[in-house]
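This is what each chain is made of:
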Amino acid sequence: MSALVSLLFVLALGTCWWSLVRRARRHDGERTVWLSHAAAVGLLTVGAAGAALVHAAGAPVRWEVAAAGAPALAAVGCMLRGLVHYARVHSVTSDRSAWLLAVSCVLALAAVGDLLVERGVLRSPLSALELQFRLLMAGGVGVVWGLLLDAGRRAGLLRAASTHLLLVAAAGVVCAQLVAATRETDPCVRLLLALSWIALAAAVARAAHLPDRSTGLMAVSPLAATVTAVAALLVAVAVITVGGLDARGGLEWSSAWAVLAVLGLSGRVAHLVRAVSGHDRARHEARTDDLTGLPNRRAFSAALEAATAGGLPAALVLADLDGFKEVNDRFGHETGDRLLRHVSQRFRAALPPGTFTARLGGDEFAILLTGGGCRDADAVARRLVEVAGEAELDGVRTAGCSVGVAVAPTGADGAAGAPLPGPELLRRADAAMYVAKGRGGGVALHDDALDRELRERAALTDDLRAAFADASGQGAGQGHEQFVVHYQPQVSAADGRVVGVEALVRWQHPSRGLVPPFRFLDLVEQQRLMPALTARVLARAAADLARWRAAGHDLRLSFNVSSSQLAGDALLDLLDDVVATGTDPSRLVVEVTETTLVGDPDRALAVCQAIRDRGCELSIDDFGTGYSSLGYLSDFPATEVKVDRSFTARLLTSPRTAAVVAGTVGLAHHLGMRVVAEGVEDAATLAELRRLGCDLTQGYLHSRPVPAGELLRSLAASTPSAPAPIPSR
């Protein structure tokens, strides 16, 4: 090797080393990668300097090859280490056998080269040791070339010219090593080898200056590594088979490298087997419920999708244990878990073969029947209810279970119908299960009419939220009020004068028209919007009350409140706000039902007393239809009793009902309360109520609920001696 070439080689390697060290300082996450390459370049520099010194001393060529080859071989190992670590950094899973695979591939390639030389296919003037240096370096750089190609592909760097230069330079080193192994080591060959290493060093230095490109974690498929390992193993076995022992009984170099490669690759295959086994175990655990050992929601979703994909007959049964929360609250979650395991075992034992049973979470189980119809699913559902009712563990038991059944549609002859998506079948079964739970347990079969009603209620709930958002200026309506107030007069039974009105809310839906209260008030309560709705109704009604009073009509205003509003102070604050605007509190009548007092009677009675202390009146609505009517009547600070329309409607046809109404009127009067009869629709009923001493009447005989303006016109046209002529609609 000439002095000039050696000098160029050392300068190129030094520059590369400095670039790699600088890159390592900038990359904390990839520091090991770049330091490994820097170490490889440093070893190449040491090898080049050593070879130059040996050449200058006039030593034999084999010593020069050894001086340069040993560090170069170690440098290839450092490069392998850096690239393997790069694969770990940029992979979701860290394959620690990648190093073993790389070394085994190097040995397999060296074994192939040795076999070709030993069988005379290639001729080499080098000694055996010199040849092994060349073959190992050629194989090592070849593996490095493959790793560079894979790393560049996954990092998205193949478009960069520096990466292409790296690949070309690495391929040049491989070719130069092979040429040096099969030809005489004359100066031209050694010059070619040195120039190839210089090109590789320059390419590495240029790659070290590439801009940072964070690729994040990348999933690495094990297919490429597995195929490489199997291919290298087959090559090594073939070398052993073809080479074997030579005629003199000695072990050839090709067989030695091949045996080492087989050992390394066997370790790689063993690692692969462990990985596959671990993957299967993890897959099983990911699809199994830890508590019960049943398939979990993920496994159930896959089974449901497979069962419904082809439109084949399928039935789904959802079971939810009743009263299980009370078990956890009373006995603790550990006891609840043991009871769940016990119930799941009983379910599994009671179900027919071929059913797919899973625990979806909590105390909810799913049973999938493929090929079964409604009758089979109903039998399974009833069996589950029976088993759940009998399940008992150490004196702890559930209250049974609620089961919903949904069946994929089939044709008239029982053949497959139109495909029903798995999520839709699950939704239907879930809706049926909640129907069963609302009935107190048992089995409920999905019903199309009921499903349409549930969908309608869901759509109405969405519209309800949008209506409140619009009214508050947060939606597209920008403050448009959809809730309107209508008023039904309360007429004096003695002289027919309108002395009060009841405020009744209506929903002016943009597309559905006027929605009556029984269609949406329970949804308002479920969505916890009743306080906001009451505030809007009372604010509008108080303004209308002031207009009527300014027109000469001094009326009482009755409005309803829910049980949830008697549990806090929001209602009292609302009354204070209304009174602060100038409304006479004695003109306000708060209507509550007896059922509103059941949840927390002490708190409800305290709020009602606070209402009376503010000067407002209090009315018991729907009297006689609730609980403990006489008991509440004696303690309740009410000023008014409203006879429910169910009594008024039977007043003329049922003597017992007439006696109840008469007793209610007499009892209320003795307690100093007035009586209002609802649902008066004919003159005969009105006459009977007058005879019984009822104070006020309210119903369609006088008027349907009407808007405030229409009520004002009717009041203006009324006379003191007759009921107000408010038109019926």
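Calculation notes
- Residues numbered from 1 in each chain as written.
- Predicted model: local features only at pLDDT ≥ 70, side-chain atom pairs only at ≥ 80, totals over all residues.
- Heavy atoms only, no water.
- Helix = DSSP H or I, 4+ residues; strand = E, 2+ residues; numbered from the N terminus.
- Expected span 1.5 Å × (residues − 1).
- Buried < 20%, exposed > 50% of the residue type's maximum accessible area, 1.4 Å probe, protein only.
- Arc of directions from axis to C-beta.
- Contact = heavy atoms within 4.5 Å.
- Phe/Tyr/Trp six-rings, centres within 6.5 Å; stacked < 30°, edge-to-face > 60°.
- Lys NZ or Arg CZ within 6 Å of the ring centre and 35° of its normal.
- Salt bridge = Lys/Arg side-chain N within 4 Å of Asp/Glu carboxyl O.
- Core = buried A, V, L, I, M, F, W, Y, C linked by side-chain atoms within 4.5 Å.
- Polar contact = N/O pair within 3.5 Å; in protein donor to acceptor, adjacent residues only side chain to side chain.

Now for helix H22 (residues 655-670). Its 16 residues place the ends of H22 22 Å apart at the C-alpha level, agreeing with the 22 Å of an ideal helix rising 1.5 Å per residue. Here H22 has its buried residues at Thr657, Ala658, Val661, Thr664, Val665 and Ala668. Mapping the buried residues of H22 onto a view down its axis gives an arc of 125°, with all of them on the same face. The exposed set on the far side of H22, more than 90 degrees from its buried face, consists of Pro655, Arg656 and His670. The elements touched by buried residues of H22 are strand S13 (617-623), strand S14 (640-643), helix H21 (645-649), strand S15 (674-677) and helix H23 (683-692). Of the residues flanking the end of H22, it is glycine 672, one or two places downstream, whose phi is positive at about 80°.

The description of two aromatic rings rests on the distance between their centres and on the angle between their planes. Scanning all chains against the criterion turns up six aromatic pairs. On the numbers, 5.4 Å between centres and 85° between planes, the contact of phenylalanine 347 with phenylalanine 365 is edge-to-face. Here phenylalanine 347 is found in helix H12 (residues 333-350), whereas its partner phenylalanine 365 is found in strand S3 (residues 364-370), with 18 residues between them in sequence. One exposure class covers both phenylalanine 347 and phenylalanine 365, and it is buried. Chaining the aromatic ring pairs together yields one cluster made of Phe468, Phe483, Trp507 and Phe520. If you follow arginine 650 out to its NZ or CZ, it ends over the ring of phenylalanine 647, 5.8 Å from the centre. The ring of tyrosine 700 has arginine 704 sitting right over it, with the charged end atom 4.0 Å from the ring centre.

Per the stated rule, a full pass over the model turns up 24 salt bridges. A salt bridge links lysine 325 to aspartate 329; the nearest nitrogen and oxygen atoms lie 2.8 Å apart. Within this pair, lysine 325 and its partner aspartate 329 are both found in helix H11 (residues 324-331), separated by four residues, close to a single helical turn. Between arginine 465 and aspartate 462 there is a salt bridge, with its nearest N and O atoms 3.1 Å apart. Highlighted residues: arginine 465 and aspartate 462, both in helix H15 (residues 448-471), separated by three residues, approximately one helical turn. Looking at arginine 465, the relative accessible area reads 43%, which means it is partly exposed. Judged by relative accessible area, aspartate 462 falls into the partly exposed class, the value being 44%. Linked by salt bridges that have partners in common, Glu456, Asp463, Arg512 and Arg519 make up one network.

Tracing the sequence through the fold places glutamate 640 in strand S14. Exposure remark for glutamate 640: the relative accessible area of 0% places this residue in the buried category. Residues in contact with glutamate 640, not counting those within four places in the same chain, are Val589, Leu618, Ser619, Ile620, Met673, Arg674 and Val676.

It is worth spelling out the nonpolar core at this point. Buried together is how nonpolar side chains tend to be arranged in soluble globular proteins. Of all hydrophobic cores here, the largest spans 70 residues; its most connected members are Phe483, Tyr487, Leu533, Leu557 and Ile611. Among the elements that line this core, the one with the most residues is helix H17 (residues 530-550), at eight residues. Sequence-distant contacts of phenylalanine 483, that is, excluding residues within four places in its chain, are made with Leu464, Ala467, Phe468, Val505, Arg506, Trp507, Phe520, Leu533, Arg536 and Arg540. If you look at the next biggest cluster of nonpolar residues, it comprises 28 residues, including Leu291, Leu321, Phe324 and Leu369.

What follows is about H23. Here H23 has its buried residues at Thr685, Leu686, Glu688, Leu689 and Leu692. Axial view of H23: buried residues confined to an arc of 165°, hence all on one face. Across H23 from its buried face, at more than 90 degrees, point the exposed residues Ala683 and Arg691. The secondary structure elements touched by the buried residues of H23 are H21, H22, S15 and strand S16 (696-697). For H23, the side-chain oxygen to backbone nitrogen distance between the N-cap and alanine 684 is 3.3 Å, and the N-cap itself is aspartate 682. Within two residues after H23, glycine 693 carries a phi angle of roughly 95°, on the positive side.

That's the geometry; what it means functionally is another story.
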